[in-house]
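Understanding the architecture of this molecule
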Amino acid sequence: MSMEARTIIEFIQVLAAYTVCVCVAPYIVFHDLLREKCLAEKFILSVLIGNFYIINVVFAIFLLNIPTKGSLYLFTIFPAFVAWLRVNRPGVREFFNMLYTSLSRLFLGEAHFRTILGALLARPKKLLKDCSHSFFTHIRTHFLEWAMLLGLISFNIYYYGYQTVTKYVFGASDLTVHQSWINNMDDGVIFCNGVYPFGFHNIIWFLHKFFGLRTLSILRVFGVVETLFIYMMIYLLLRKLCKSRYLPVLGVFLFTLPDLYDFQSTMRYQWSLPQEFGMIFLYPCAFYLIQFFERKKEEMQTKKRLKEENRLYAWMDQYHIMPSTRSLTFFSISFSLTLAAHFYITIIAIILCFAIAISYFPLVLHPKYFWSIALAGILSLFSAVAPMGVAFMQGVQPEGSLRWALSVIFPKEEESITDTKGTGTSGTVGNESIPGGAENKEDISNTGNGLSDSEYTWTGIPTVNAATSDSGNANVPDGQNTVLDKIKSLSGQIKYLPGKIVTLAGKVKRRIIYANKAAASFLKGAYSYDELANYILVATETLAVFSLLMLFIRRKFYYRNLFSISLYTLILMVMYSAELLGLPVIMDLTRSRIFLAYATPLLFACLADSVYVILCWPFRYRKITELVTIGLTLTLSALTIVYDFIKPLNILYSLQLPGEMKCNYDIIENYPEKRWTVVTTTNSMQSLREKGWHMEVCTFLEKMEEYSKHTTVTIPTKYVFFYIEKTPLDYGRDAYNLVTDEMVNSGFVSETAASEQAVFGGSEVYHTENRYKLESKMYYWAKAFQQKFPEEFQVYYEDDSFICYRIIQNEYQLYNFAVDYGFNR
Amino acid sequence: MKISRSNFAAISVTMIAILILFQFSNLSAIYASQAMKNANALQDVSITVNKTVQASNLLSTSSYTTALVGSKSNQETIIAEEWCVYTKQPYYRFPSLDAFYGNISKNCKLLIVNSYVIDSSHDIDILEQTAKRGVNIILTSLPDISIFRSYPKLMELTGIRKIEADSYYTNGMTVFEGFLLGGKTTYTELKKSIPYFLLQSGTKTYISASIKHQERKHIKNEELPPVLWRNYYENGFVFSVNYDFFQDHTGLGMLTAMLSETNSYNIYPIVDAQSVICQNFPYLSNENSDRISQQYFYNSKAFCENVLWPDVVSILGATDDKFSGMIAPKLEYSSSAEIDQDVLSFYFKQTERITGELGISGEQMESRSFHKDKIMYDTKKFKQLAPDYTFTVFSPGSMPESAYEGYLKFYSKDSILSNIRTLILPKEYQHSPVLSFYNTKILSMSCISDGFSHTDGEDLYLRSIETALGYSAISLDFSRVLYPSGKSDDWTSLSRDMARYLDTYWKSFRKAFEQVNISQADQKVRKFFALDYHSHRRNNTISLSITNFDEEASFLLDLTDEKIVSVSGGTFIKAEKDKYVIHATKKNVAIEVTEDLSEN
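Calculation notes
- Residues numbered from 1 in each chain as written.
- Chains lettered and ligands numbered in written order.
- Predicted model: local features only at pLDDT ≥ 70, side-chain atom pairs only at ≥ 80, totals over all residues.
- Heavy atoms only, no water.
- Helix = DSSP H or I, 4+ residues; strand = E, 2+ residues; numbered from the N terminus.
- Buried < 20%, exposed > 50% of the residue type's maximum accessible area, 1.4 Å probe, protein only.
- Contact = heavy atoms within 4.5 Å.
- Areas by Shrake-Rupley, 256 points an atom, 1.4 Å probe, with all protein chains shown as cover.
- Axes fitted to C-alpha atoms, helices over the stretch in contact; angles between N-to-C directions.
- Nonpolar A, V, L, I, M, F, W, Y, C, P; charged D, E, K, R; others polar.
- Pairing = 2+ DSSP bridges.
- Phe/Tyr/Trp six-rings, centres within 6.5 Å; stacked < 30°, edge-to-face > 60°.

Across its full length, chain A carries 34 helices and 9 strands. Looking at the 825 residues of chain A, the share that counts as buried comes to 53%. Sequence separation of at least 24 residues holds for 75% of the intrachain contacts in chain A that already meet a minimum separation of 6. Within the structure as shown, chain A displays about 37200 Å² of accessible surface, and the carbon and sulfur contribution to it stands at 64%.

Before going further, it helps to spend a moment on the packing of helix H16 (residues 323-341) of chain A against helix H17 (residues 343-359) of chain A. All names here are of chain A. It is the contact of H16 with H17, at a shortest axis distance of 6 Å, that shows an interaxial angle of 140°. Of the residues in H17, those touching H16 at Phe-331, Phe-335, Thr-338 and Leu-339 are Phe-343, Ile-345, Thr-346, Ala-349, Ile-350 and Cys-353. For the contact of H16 with H17, the residue count by class is 8 nonpolar, 2 polar and no charged.

Another point: the sheet that holds strand S26 (residues 570-576) of chain B. Residue and element names in this part refer to chain B. Taken together, the 4 strands give an open sheet; going across it, the order is S12-S24-S27-S26, and neighbouring strands pair in antiparallel fashion. Both outer strands of the open sheet, strand S12 (265-270) and S26, are each paired with one neighbouring strand and no more. Sheet twist, expressed as the average angle between the axes of neighbouring strands with direction ignored, equals 25°. The pairing of S26 with strand S27 (residues 579-584) spans 6 bridges and is classified as antiparallel. Across the sheet, residue Ile-573 finds its bridge partner in S27, namely Val-581. Together, S12 and strand S24 (553-559) form the strand contacts of helix H8 (residues 250-260), whose direction differs from that of S12 by roughly 150°.

Attention now moves to the packing of aromatic side chains. Aromatic ring pairs: the centre-centre distance and the angle between the two ring planes describe each pair. Residue and element names in this part refer to chain A. The final tally for this structure, using the stated rule, is 103 aromatic pairs over all chains. Look at Tyr-529 and Phe-645: their rings are 5.7 Å apart centre to centre, the planes differ by 20°, and that puts the pair in the stacked class. Here Tyr-529 is found in the loop between helix H24 (497-522) and helix H25 (530-553), whereas its partner Phe-645 is found in the loop between helix H29 (622-642) and strand S3 (651-653), with 116 residues between them in sequence. Judged by relative accessible area, Tyr-529 falls into the partly exposed class, the value being 36%. A relative accessible area of 28% means that Phe-645 is categorised as partly exposed. Aromatic side chains Phe-722 and Phe-817 sit 5.4 Å apart centroid to centroid with 65° between the ring planes, which places their arrangement in the edge-to-face category. Of this pair, Phe-722 sits in strand S6 (residues 719-725) while Phe-817 sits in the segment after strand S9 (802-808), and the two are 95 residues apart along the sequence. For the pair shown, Phe-722 and Phe-817 are each scored as buried. Among the aromatic residues, those joined into a ring-pair cluster are Phe-155, Tyr-158, Tyr-159, Tyr-160, Tyr-162, Tyr-231, Phe-255, Tyr-261, Tyr-269, Tyr-283, Tyr-527 and Tyr-598.

Here it is in structure tokens:
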């Protein structure tokens, strides 16, 4: 089977497995509770419950030290079954009663078998009929939405799956680290490198263990799966925020098709990473927080009314848990999931909640709201932190990147000064390289939007800030002047007031334009075109001003929600520009642009919706007015396609050659477990670890570096494979290429490189120059060894850039791999 | 209850009919029996020596592919020469390396050298130059240690890094998987002092010695004394044999296995015949009855009929081996005991039933043998008792060649030996070849193993012959049973050994090779000698073209981590991993191979 076909099959498998776990299974279990909800809420609820359940089941079996397949099945299926029984008790009880009665009638000869069977199958038949009926009704009534959404989803599958299907390899170095952690879970060790949010790892391990899927396979394709959920969450939140039915699709479209965002804003969606996994739960936080406000208000009004009518108890009897409490519960679940997946998502979730809270000011300060939210927040934090806390109490230290993340959020004084010197924020988390350092420098130097290099001070703060602060200082009362002096001077100035107002208005206008330009310049790098930043900033401000204005006119939650989105976007913009503004850097540039980009479709859809509400809402015939939004979405789509403004395929880091991944699969599948060793760089180490052994190229070569007749290098497995890059990768410099291009490399191996002294250890042993030397040495070693064993040392796989050799050993009489290959004396 | 007359009649008729039907098959078998005729005796021999490829056809001074360097009388050279005939290699024998290098053929691919011809740096230079030309070298034994010490280049040539000990007492040896047929085997009885070398990288060891207390001495497997290994030198492989395998035909299989190691594949003709020969059985007389009665409570005749025959038939039946019995009419020709017609008929008929074959044995158990008398007596008796039976197989046993050669070559056409086509010789009988023509018509085949014993040496010998020829003839000498000399000759233990050995050591070969009687083996050997072949490989297709093809031919294909996908022009059987028996049914055979990742 070709790797392309295999990848597609694996994607379908993983998508199916994950969907069953987080959509189908929770829906079946909580079918009775979810029955009356709309499809959007059914989906969000299922996703939240499913993920929350799986993550915590995995935590439970690990913290109880029973991480076996059996206990996983038991802990997964049994509680779910009990919950299903409990939730669907009336139906189940009814079914068994009917079964008992039917069987009794059958044995008493009162009824035929066919009659009994008919009675027993009536319920499943009805269920099936209802399902199919509701499905087709839904499709009929929402055909256009589904058609547009499916079109966009298909594009996203193509866009984000292109790399995996055509290049097969991991695109980000982080993946190897995460794979290592998941592999350690296979060995019964969670938090192997220290305490870290393991939500993502738990899900991958669960899919691997529960369905028997290979970790390597899941990690290769899970990025696309999680991205589909991330995109769906944009749609679902917009369904909550927008009045129009079709503008949420516009939001998804804006994040899907047009080339609006910098490539770094969307590149990570190609890969299976914890941060992106956590993004699934970001917008559900907002969804349920907003829903809480709405429901709470409704409940309070109803309560007040019924109290006056003395019918309160009758009303309250119908609820075990109040709807607003349920919303808050799901808010806390989604919030805790963000923390379980990645700290950065929690930061963004806090910002989002903060924006919503500001929008709902002063309502939020009402004790009935405030304490509920505070309690929900505390509980969610507790539920997310508890497993990590337990592990910490069991003696596991925090993982290195946690300390790093904290140091970014709370930098020491010297560090913050150093950071603002324009070094960018490229760094390493464990083995996790954070791309973007080079781009950041470029972003800062090429400030073509009205600000030249010279306009920046050494601290990186633009002079416009200084100007603003100057003007600010002019208005600030001088501490040495007395209040009396000021009053005196004020009376003299009143006569010049009208003229001054006109001057001031002009000045303010100029300031706003100038400040906007300056602010937009800070956003450079966030979007694909510099001008876009300006427009997006203006759009944000417009939405903010409009929603605030409308809020004063009509105190509707709708405008509060719009304001919260504009505020959220503005805060993200400030966070993105924090370094340039001299503010504390909560998150590095590369990551913050991802969230800013993710917020942009919300902003545009809300802005469009506000226009729609103003212009079309007063009209009665919604179906006709919706044509405007459909037309807008379709026109924009058509224009994007006609003018070829489609987002180009993204980039891929030069970490591994496709041939290597092909060989990995082939070896894992065809060779007996633990009977083979692969001599290669570290890229494939974790992929191979599951089934075989790995030896590093540098270790292998070092052993025969000072070659003499007595040098011995043996590898004690029957099959030994040697991966050699004929065109060694340009590794370790954040070197990347378009997914459609060849991997960035240092050129064909050469004798010159092989003859040079290489380094055989250290963290940069496989970085560009040294990698070139090592791979060149390996290449000539292979040639020399093949001469001695022409039949035994065979080419197992070869393409233009990669070659894999295989040798089958007599395990009782191992080959001595040390040979004089001409460059090791 | 009464039975009516009509019912009674009907029942009686039915019973009679059933009786007749059952008896009919028996009676028809008796009437149709051809037991007193030899079904295997052909009118004439179709393949005589002049229709076969023999040494004389293969000797070539200019276009040889294999060069043998050594004296004519040297056992190693004789074995190598015999191997060249079996594998149809055009060859030439040179007395010295100088002579070889002076007349080196451009077709030469293999040089087989005796150790004693290497005694100067010039010889080593020649070996070095030969290896550089891409010719593979096999040293059938190693020169003295002093020569290695004197000429370090020889060490380099043979891949020896260091001489650990001039002589080291080894505790046995291990033949690794893939070299000889039969897989990895450790022999603990083959203890011997051999030079202890440490090998350098680029070498591959096929047989290594084991030593006592290896773990205690912290010696890795790779550092055990090598017995047979390969080194790559410049452009050729140099095989070194640090043992006396070439003192008998054990060397045959080694040569084949070493040749296979030089290429991605090796295809060569084999006999494809596995036979079991019961020497001196059936026994037709009743001599030594007192001794037999004392041990088994039967006289000799009854013992043979009631104990030996059923046992032999059941054991061979269990292993599906064909019965080939070498009749011993008498074992004491000085006695006056006569052969009974009934006994003779019994064995002939029983043999026919199990589709076995009968030959004549030349064995006698007297201190003074009456060879001429025996031949005369047997001739007379069989003319009398089985005049239509033509004996084509003769196993002389201890009878000297001088006693029977005349009968085979020149004498009376009325003798019992006058129609002999196949001569069964004991194992390593006077260093005679395993398979050869005794004269133009008679084929001589050697026994390979004793069915009542199986030592490590015998096992290695068997595996080697099986690898080289796909042939084995197991000899079961029943004179031991009829004339027991001690407890070890008791049939109880011998029958147990026989059953055990046949069912274990030959099992793997039975899967690959055909079980035949001696006459069938004779036919296969003649065809084997007659054919010649040529093979070449293009990508994954191995093409084989056979000349002098006669209905069928068998080959052994030795691959390297590959397996057969399909064969056109023949069929194939997997003998073991990488080794396949090809049965050609047409002159041209195409074999498709592909990579094989399986363990077995």
